[in-house]
Amino acid sequence: MHKVFVFGTLKEGFPNFKTNKGIRYRGDFKTKERYPLYLVGERFSPWLVLLSGEGYPVKGQVFEVSDDVLAEMDALERITAVDGYRKVSVPVICLESGDEINVLAYGKPPEMLQGVEVMQELAGEYGLEHAALYRSRSAT
């Protein structure tokens with residue numbers, strides 16, 4: 001089993017949650033480090049940019065997922081594509097208990113920002129108002 005931190009469309013109640021068939025940990029979490037979080041391009045995709053120490057702690061949820069579910073998430077996040085997300089290990093902190101755990105998360109290397117249109121910088125949290133702007137890859 002794998003612990004995965006989700007901060008965008010894979011969160012419970014968000015557009016790609018159907019791909020997330022994991023078991024949610026109680027509580028909400030935030031990244032231990034600060035990261036930039038942007039809405040990018042005409043699809044308004046949420047990007048956590050792997051620039052530790054910039055931006056804000058990013059809030060999200062943690063799920064325990066099987067190998068099969070992780071593979072589905074990897075496919076959605078296109079981790080093998082040149083312009084896809086990268087799966088990295090990051091520490092997160094439970095907002096309720098203060099416990100720290102290491103989890104997998106999907107982020108974009110900073111060089112991927114070259115030539116893309118940043119629509120909005122978020123203050124560490126992707127909310128339903130941002131999800132309302134999101135367009136799935138199949139819808140564009």
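It should be emphasised that the depicted structure is a prediction, and the values quoted were computed from it without experimental measurement.

Caption draft 1: Inspection of the packing of aromatic side chains at higher detail. Counted by the stated rule, this structure contains three aromatic pairs. Note that Lys108 overlies the ring of Tyr85, its terminal NZ or CZ placed 4.4 Å from the centroid.

Caption draft 2: Local environment of the nonpolar core. Grouped together as the largest cluster of nonpolar side chains are 20 residues, with contacts concentrated most on Phe5, Val58, Val92 and Tyr126. At the level of elements, β3 (29-35), β4 (37-40), β6 (56-65), β7 (86-94) and β8 (100-107) are the ones that each hand at least two residues to this core. With three residues, the single largest contributor to this core is β7. Ignoring anything within four residues of it in the chain, the contact list for Val58 reads Phe5, Phe7, Phe29, Lys30, Thr31, Tyr35, Leu37, Leu48 and Gly124. Leu10, Phe63, Val65 and Leu113 belong to the second largest nonpolar core, which has 16 residues in total.

Caption draft 3: Looking closely at the side chain of Lys108. With respect to the helices and strands, the residue Lys108 is situated in the loop between β8 and β9 (118-122). Within the buried set, Lys108 has no salt-bridge partner at all; the shortest N-O distance to an opposite charge, 5.8 Å, is to Asp83. Every residue in contact with Lys108, bar those within four places of it in the chain, is listed here: Trp47, Leu48, Val49, Leu50, Asp83, Gly84 and Tyr85.

Caption draft 4: Representation of the sheet that holds β4 within the structure. One open sheet accounts for three strands, arranged β5-β4-β9; its pairing is antiparallel. Unpaired on one side and paired on the other, β5 (45-48) and β9 mark the two borders of the sheet. Neighbour-to-neighbour, the strand axes of this sheet turn through a mean angle of 30°, independent of strand direction. Direction of pairing for β4 relative to β5: antiparallel, over a ladder of four bridges. Residue pairing across strands places Leu39 opposite Pro46, the latter belonging to β5.

Caption draft 5: Region of the structure containing the side chain of Asn20. Position of Asn20 among the secondary structure elements: in the loop between β1 (2-6) and β2 (23-24). Residue class for Asn20 comes out buried when judged on its relative accessible area of 3%. Reaching out from Asn20, the side chain makes a polar contact with the backbone nitrogen of Gly22 at a distance of 3.1 Å. Those residues in contact with Asn20 that lie beyond four places of it in its chain are Val6, Leu10, Phe63, Val65 and Met73.

Quick notes on the rules
Residues numbered from 1 in each chain as written. Predicted model: local features only at pLDDT ≥ 70, side-chain atom pairs only at ≥ 80, totals over all residues. Heavy atoms only, no water. Phe/Tyr/Trp six-rings, centres within 6.5 Å; stacked < 30°, edge-to-face > 60°. Lys NZ or Arg CZ within 6 Å of the ring centre and 35° of its normal. Core = buried A, V, L, I, M, F, W, Y, C linked by side-chain atoms within 4.5 Å. Buried < 20%, exposed > 50% of the residue type's maximum accessible area, 1.4 Å probe, protein only. Helix = DSSP H or I, 4+ residues; strand = E, 2+ residues; numbered from the N terminus. Contact = heavy atoms within 4.5 Å. Lys, Arg positive; Asp, Glu negative; His and termini not counted. Salt bridge = Lys/Arg side-chain N within 4 Å of Asp/Glu carboxyl O. Pairing = 2+ DSSP bridges. Axes fitted to C-alpha atoms, helices over the stretch in contact; angles between N-to-C directions. Polar contact = N/O pair within 3.5 Å; in protein donor to acceptor, adjacent residues only side chain to side chain.

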